[in-house]
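Residue strings, one per chain:
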Amino acid sequence: MRFGVIVFPGSNCDHDCFYAVAGNLGQPAEFIWHDQCSLGDIDAVILPGGFSYGDYLRCGAIAKFSPVMTAVKKFAADGGLVIGVCNGFQILVECGLLPGALIRNRDLKFICRQVDLRVETADSPFTGAAAKGDILRMPIAHGEGCYVADERTLDELEAEDRIAFRYVGNPNGSLRDIAGILNRERNVMGMMPHPDRASDPLMGSTDGLKVFQSMLSHFTEKLAVRA
């Protein structure tokens with residue numbers, strides 16, 4: 001399974017994501033620069049954390065206009081797996097691939113610490129290696145990670161089982177403790193916590209590797225069906 005890691009000016013977790021899938025998962029990966037119009041021959045896209053374009057306008061608001069995002073949208077529309085982590089989540093929301101918005105944390109402070117997440121659905125390509133109710137430990141590092149949406153959208157996310165993760169002890173004020181969500185087709189996921197920073201024993205947790213293992217298992221199962 002070949003992963004493509006999108007790199008924007010200001011990305012700072014691109015190498016974290018690359019190492020998580022290449023070094024820890026053992027799968028090929030490549031960096032894809034933001035001004036490329038094609039993704040090439042890849043099987044999954046990772047939008048990493050960081051401060052794309054310095055977050056000067058609004059987190060993800062400039063990155064959504066990068067040429068590569070047209071290709072990412074087409075890739076997602078064709079059923080390709082797309083995961084956005086932290087700033088990547090913000091970009092997915094800004095470009096309309098996921099609903100809602102991410103605003104300043106409840107206490108208006110940047111938060112950088114380990115948090116506990118509860119798996120809300122195992123019925124997705126990103127969570128299939130876990131069980132509903134599992135508690136995973138991963139770090140967060142954001143100033144604008146508070147997820148908000150109108151009540152109708154929140155109700156739809158609940159009813160359609162599209163909340164991937166919830167915080168255990170809400171650190172940033174996200175509505176309904178939401179830490180990660182899925183699109184309706186379940187092939188796009190955004191999450192604020194960093195699975196890439198919890199994929200190696202040296203980092204104190206390998207819980208995040210379950211996200212990437214889930215993607216690999218989903219891809220392998222699809223290949224087996226086609227065969």
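Look above for the structure.
Described in the following lines is the structure provided in the data block. All figures in this text were calculated on a predicted structure; none of them were measured in a lab. (Residues numbered from 1 in each chain as written. Predicted model: local features only at pLDDT ≥ 70, side-chain atom pairs only at ≥ 80, totals over all residues. Heavy atoms only, no water.)

## As for the overall build of the protein chain
Along the protein chain, the regular secondary structure elements total five helices and eleven strands. For the protein chain, whose C-alpha radius of gyration is 16 Å, the value lies close to the compact-globule estimate of 17 Å for 227 residues. When each of the 227 residues of the protein chain is scored for burial, the buried share is 55%. Expressed as a percentage of contacts within the protein chain between residues at least 6 apart in sequence, the contacts between residues at least 24 apart total 73%. By element, 53% of the accessible surface of the protein chain is carried by carbon and sulfur atoms, the whole surface being about 9600 Å². Of the charged side chains in the protein chain, 22 are positive and 28 negative; the average position of the first set lies 3 Å away from that of the second. (Helix = DSSP H or I, 4+ residues; strand = E, 2+ residues; numbered from the N terminus. Rg over C-alpha atoms; globule rule 2.2 N^0.38 Å. Buried < 20%, exposed > 50% of the residue type's maximum accessible area, 1.4 Å probe, protein only. Contact = heavy atoms within 4.5 Å. Areas by Shrake-Rupley, 256 points an atom, 1.4 Å probe, with all protein chains shown as cover. Lys, Arg positive; Asp, Glu negative; His and termini not counted. Charge placed at Lys NZ, Arg CZ, Asp CG, Glu CD.)

## Here's the deal with the environment of Arg58
Relative to the elements of secondary structure, Arg58 occurs in the loop between β3 (44-47) and α2 (67-77). The sequence separation of Arg58 and Ile42 amounts to 16 residues, and the corresponding C-alpha distance is 29 Å. Within the structure, the side chain of Arg58 is placed 2.8 Å from the side chain of Glu94, a separation counted as a polar contact. (Polar contact = N/O pair within 3.5 Å; in protein donor to acceptor, adjacent residues only side chain to side chain.)

## Brief notes about the sheet that holds strand β10 (residues 178-182)
In space, the nine strands of this open sheet follow the order β2-β1-β3-β4-β11-β10-β9-β6-β7, with mixed pairing throughout. Both edges of this open sheet fall to β2 (29-33) and β7 (135-142), since each of them pairs with a single strand only. Between one strand axis and the next, the sheet turns by 25 degrees as a mean value, whatever way the strands run. Sheet topology places β10 next to strand β11 (residues 188-191); three bridges connect them, and they run antiparallel. Among the inter-strand pairings, Ile181 is bridged to a residue of β11, identified as Gly190. Across the sheet, helix α3 (residues 87-94) is in contact with β3, β4 (81-85), β10 and β11; its angle to β4 comes to roughly 120 degrees. (Pairing = 2+ DSSP bridges. Axes fitted to C-alpha atoms, helices over the stretch in contact; angles between N-to-C directions.)

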